[in-house]
Amino acid sequence: MSTPVKLTFAAPRRGKPPRHFADLTVDERKEAMRELGQPSFRAKQLATHYFDHLTVDAADMTDLPADAREEMVEALFPPLMTPIRSLEADKGATQKTLWSLHDGVKVESVLMKYPDRATLCVTSQAGCGMACPFCATGQMGLTRNLSAAEIIEQVRLAARSARDGDLGEGVRLSNVVFMGMGEPLANYKTVMTAVRALVAPEPLGFGLSARHVTVSTVGLVPAIDKLSKEGIPVTLALSLHAPDDELRDELVPINTRWKVDEALDAARRYFDATGRRVSIEYALIRDINDHAHRADLLGEKLAARGTGWVHVNPIPLNPTPGSKWTASDPAVEDEFVRRLRAHGIPTTIRDTRGSDIDGACGQLAIKEDD
C-alpha cells in the first residue's frame, strides 16, 4: 500500500500584497477617490485606462487632472509583478514569463498566439497543494494563494503584450484559461473575483465572453457545485487522468477524498446548471493510464451520464525533469481516441504548445536558479 499523499488546501499565510485598484469593488473604488480628494467619477476613468487601454502609466491618463495623476496611480496601482525572464517557443508564438511578486515569490504564466487571437494560461497560486506526481507544479507544494489583482494583472499585461505585437502581429487576448500554476478552486473567492473582472463589460472589466474563460480543477466537488451557482457560464475543465479509483488515487490524490464518479456527477451537474459543455482533461501516460480498457471504461462512464454534455481532451504527457513517466506511443494514443469516439464521446487531442520551454500543461515549476 502506498504512503498517503499530503494535500494542502489552506495556503500558508504571508504578507498581503499592497492594495490595488483591481482588488476593489466599484463602490470601494469610488471611496478611494474620495479619500484622495477626487470626485467619485474618476474611478470609472481609471477603470477605462486599466481594463480598456491596459495602462497604469500616469502620462497616458490625459483626461485626469495633471496635478493628481501621479498621486492616484501611486495610491491605486502599486507594482505587483516584475518580469524576470521570458522564453519563447513555436517560432515566437508562445511566450512563458517568469514573474517576481511583491514578496519575492515567483510564478509563471504562458501567452499563446493563434492566427486571430491570443490565449493566456494564467496562474492562481504560487505552487500547488494537490500533489499530482506527474505534474511539476504539483511537486512544488503550495507557497501561497495569489490575490485577485495579481491574477488580473497577469491578464492585463498579457492583453497589452498581445495587442502590441510582442508575439508578432498584434492580436486581441480573447481567451483565458486557469491552467497555470495552482488549483483554481482551492483559491475560490479570489479566482471568482478575477473571473468577474474578466467577463465584466468594459470599462468595469475586460469584456471577455464567459465561454472563452476556462476554470480547471482536479475535482474539488463542493467547489464545482458552488461554481455552478455563480451564474457565470465559464467552461469547466476536469483534470481526470484515470477512470478508475484505484489508479486515480495514485495519479490525482484528491481522488482519495472525492472519487471518480463523484467528480463526474459534479461535472454533469455543472453542465445541467450552465449549459456549458465540460472538458475532461486526460494526460496520456505510457503504460500507466493509456490502456484500451481504460478508454472503454471512461467512455462508458461518460456516456452513462447522457450525451452532448462533455468533451474529452487527451493530452500527450509533457516531460518533467526526473519523471519516471513519459508520453504514450502515438498508435496507443490513436486507439485511445478511437475507443472513446466509439462510445459517442467527442474527443480531440490537445494541441501542446511550449513544451520545449517547459511551458506546457504540467510543466510550470520554479527552478532553483530562477
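Notes on the structure in this doc start here.

Procedures and definitions
Residues numbered from 1 in each chain as written. Predicted model: local features only at pLDDT ≥ 70, side-chain atom pairs only at ≥ 80, totals over all residues. Heavy atoms only, no water. Helix = DSSP H or I, 4+ residues; strand = E, 2+ residues; numbered from the N terminus. Rg over C-alpha atoms; globule rule 2.2 N^0.38 Å. Buried < 20%, exposed > 50% of the residue type's maximum accessible area, 1.4 Å probe, protein only. Contact = heavy atoms within 4.5 Å. Lys, Arg positive; Asp, Glu negative; His and termini not counted. Charge placed at Lys NZ, Arg CZ, Asp CG, Glu CD. Core = buried A, V, L, I, M, F, W, Y, C linked by side-chain atoms within 4.5 Å. Pairing = 2+ DSSP bridges. Axes fitted to C-alpha atoms, helices over the stretch in contact; angles between N-to-C directions. Parallel < 35°, antiparallel > 145°, perpendicular 65-115°, else oblique. Nonpolar A, V, L, I, M, F, W, Y, C, P; charged D, E, K, R; others polar. Patch = residues over 30% accessible without salt bridge, like charges linked within 9 Å, V, L, I, M, F, W, Y side chains within 5 Å. Areas by Shrake-Rupley, 256 points an atom, 1.4 Å probe, with all protein chains shown as cover. Salt bridge = Lys/Arg side-chain N within 4 Å of Asp/Glu carboxyl O. Phe/Tyr/Trp six-rings, centres within 6.5 Å; stacked < 30°, edge-to-face > 60°. Expected span 1.5 Å × (residues − 1). Arc of directions from axis to C-beta. Disulfide = S-S within 2.5 Å.

What follows deals with the overall build of the protein. Summing up its helical and strand segments, the protein has ten helices and eleven strands in all. Relative to the 2.2 N^0.38 estimate, which gives 21 Å for 370 residues, the radius of gyration of the protein is 21 Å and therefore close to what a compact globule would have. Here the C-alpha coordinates of the protein stretch approximately 70 × 45 × 40 Å along the principal axes. Within the protein, the proportion of its 370 residues that are buried is 57%. Contacts in the protein between residues at least 24 apart in sequence constitute 67% of all its contacts with a sequence separation of at least 6. Across the protein, the 45 positively charged side chains and the 51 negatively charged ones have centroids separated by 3 Å.

Attention shifts here to the nonpolar core. Counting 108 residues, the largest nonpolar core has L46, I152, L173, F178, L220, I280 and L302 as its most contacted members. Among the elements that make up this core, the one with the highest residue count is helix α4 (residues 148-163) (nine residues). Those residues in contact with F178 that lie beyond four places of it in its chain are V122, S124, I151, P184, V191, A194, V195, L198, V213, T214, V215 and S216. Membership of the second largest hydrophobic core comes to five residues, among which are V110, M112, Y114 and C121.

What follows concerns the sheet that holds strand β10 (residues 278-284). A sheet is described by the order of its strands in space; here nine strands give the open sequence β1-β2-β3-β4-β7-β8-β9-β10-β11, paired in mixed fashion. Of all strands in the sheet, those bounded by a partner on one side alone are β1 (81-89) and β11 (310-316). The sheet shows a mean angle of 20° between the axes of neighbouring strands, direction not considered. Sheet topology places β1 next to strand β2 (residues 94-101); eight bridges connect them, and they run antiparallel. Residue pairing for β2: T82 is matched across the bridge by S100.

In a packed pair of helices, the relevant descriptors are the angle between the two axes and the axis-to-axis distance. Contact geometry of helix α6 (residues 221-228) with helix α8 (residues 260-274) gives a least axis separation of 9 Å together with a crossing angle of 5°. Judged by the angle between their axes, α6 and α8 are roughly parallel. Facing V221, I224, D225, L227 and S228 of α6, the residues of α8 in contact are E262, A263, A266, A267, R269, Y270, A273 and T274. Along the lines of polarity and charge, the residues of the contact of α6 with α8 split into eight nonpolar, two polar and three charged.

A surface patch of like charges, here negative, comprises D57, D60, D67, E70, E71 and E74. Its place among the elements puts D57 in the loop between α2 (42-52) and α3 (69-76). According to the relative accessible area criterion, D57 is partly exposed, its value standing at 41%.

A grouping of R13, K16, K189 and K226 is seen on the molecular surface, where their side chains present a positively charged patch. By the secondary structure assignment, K189 is in helix α5 (residues 188-199).

This model, assessed by the stated rule, comprises six aromatic pairs. A ring pair is formed by F21 and Y50, whose centres lie 6.4 Å apart and whose planes are at 55°; its orientation type is tilted. Pair noted here: F21 is in the segment before α1 (26-35) and Y50 is in helix α2, with a separation of 29 residues, a long-range link. Taken as a pair, F21 and Y50 share a single burial class, namely buried. On the basis of an interplanar angle of 20° and a centroid distance of 5.6 Å, the ring pair of Y50 and F77 is categorised as stacked. Of this pair, Y50 sits in helix α2 while F77 sits in the loop between α3 and β1; the two residues are 27 residues apart in sequence, bridging distant segments of the chain. Residue Y50 is classed as buried on the basis of its relative accessible area of 0%. Grouping aromatic residues by their ring pairs yields a cluster made of F21, Y50, F51, F77 and F206.

Quick look at helix α10 (residues 330-342) now. Here α10 contains 13 residues, and its C-alpha end-to-end distance of 18 Å stays within 8% of the 18 Å for a straight helix at 1.5 Å per residue. Turning to α10, its buried residues are E333, F336, V337 and L340. Projection of α10 onto a plane perpendicular to its axis shows the buried side chains occupying an angular sector of 95°, all on one side. Those residues of α10 that are exposed and aimed more than 90 degrees away from the buried face are A331, D334 and A342.

A word on α6. The element α6 is extensively covered by neighbouring structure, given that six of its eight residues are classed as buried. Looking only at α6, the buried set comprises V221, A223, I224, D225, L227 and S228. Of the surrounding secondary structure, the elements contacted by the buried residues of α6 are α5, β8 (213-217), β9 (235-239) and α8.

With that settled, consider the state of the cysteines. Under the definition given, this model contains zero disulfides. The thiol of C132 is unpaired, and the distance to the nearest cysteine sulfur, on C135, comes to 6.3 Å.

With that settled, the discussion passes to the pattern of salt bridges. Applying the stated criterion across every chain, the model contains 18 salt bridges. When the shortest N-O distance is used, the salt bridge between D164 and R163 registers 2.8 Å. R305 serves as the salt-bridge partner of D261, at 3.3 Å between the closest nitrogen and oxygen. Remark: R305 occurs in the loop between α9 (292-303) and β11 and D261 occurs in helix α8; sequence separation between them is 44 residues. Through salt bridges that share partners, D261, D265, K301 and R305 make up one connected network.

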